[in-house]
Amino acid sequence: MRRTALVLSIGTLVLASACGGSSGTKADGAATKAAKPGATVEMDFSLFAKKDFAIKAGQTLTFVNNNPITHQIVEGAWKAGSDGLRTSEMDDGAFNLKIDPKKGFTAEHTFEKAGTFQFFCTIHKAMNATVTVS
Ligand SMILES: [Cu+2]
């Protein structure tokens, strides 16, 4: 009887440590950044790392600040010249995200409806991007 109990408790210990290991893996890496379904918009200094995003209705864009620089992200139509710098902009008021000047700061916006939406950083003329929501 006593021996059976010992074997059982060792089995439980092995299981418990296996679970602990897998949850530790989830706590770092890509899984943390993409907390919600959708896409991650990385901000590198005064640029978006990517300019085109595709998500589904009800999904989220998660903005990640990779440098200690303030950004102000709004939705609205923009046009840019061949140098990539914005020549016109029109904030449509759908969202306005203040991105704190902290490495790793995140903010998010969920797009409920399908469509093509442009967004930009009001501070940096080269930060212009588009998300297609299907
Ligand atoms: Cu910016």
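Structural notes, computed from the coordinates. (Residues numbered from 1 in each chain as written. Predicted model: local features only at pLDDT ≥ 70, side-chain atom pairs only at ≥ 80, totals over all residues. Heavy atoms only, no water.)

Here's the deal with the coordination of the copper ion
Okay, step 1: Bound to the copper ion are the protein donor atoms His71 (ND1), Cys121 (SG), His124 (ND1) and Met127 (SD), situated 2.0 to 2.6 Å from the metal.
Okay, step 2: What the 4 donor atoms of the copper ion show is an angle range of 89 to 129 degrees at the metal, which sorts the shape as tetrahedral.
Okay, step 3: All donor residues of the copper ion come from one chain, and their arrangement in sequence is H-x49-C-x2-H-x2-M. Taken together, the positions of His71 in strand β5 (residues 71–80) and Cys121 in strand β8 (residues 115–121) put the pair 50 residues apart, joining distant regions of the chain. (Donors = N, O, S within 2.8 Å, 3.2 Å for Na, K, Ca; no water. Tetrahedral: all angles 85-135°; square planar, octahedral: opposite > 155°, others 65-115°. Helix = DSSP H or I, 4+ residues; strand = E, 2+ residues; numbered from the N terminus.)

Brief notes about the sheet that holds strand β2 (residues 47–48)
Okay, step 1: Spatial strand order, β2-β1-β4-β7: 4 strands in an open sheet with mixed pairing. What marks the edges here is a single partner per strand, and that holds for β2 and β7 (106–111).
Okay, step 2: As defined by bridge partners, strand β4 (residues 59–65) adjoins β7 across 6 bridges and the pair is classed as antiparallel. Looking at the pairing, Thr62 lines up with Glu108 of β7. (Pairing = 2+ DSSP bridges.)

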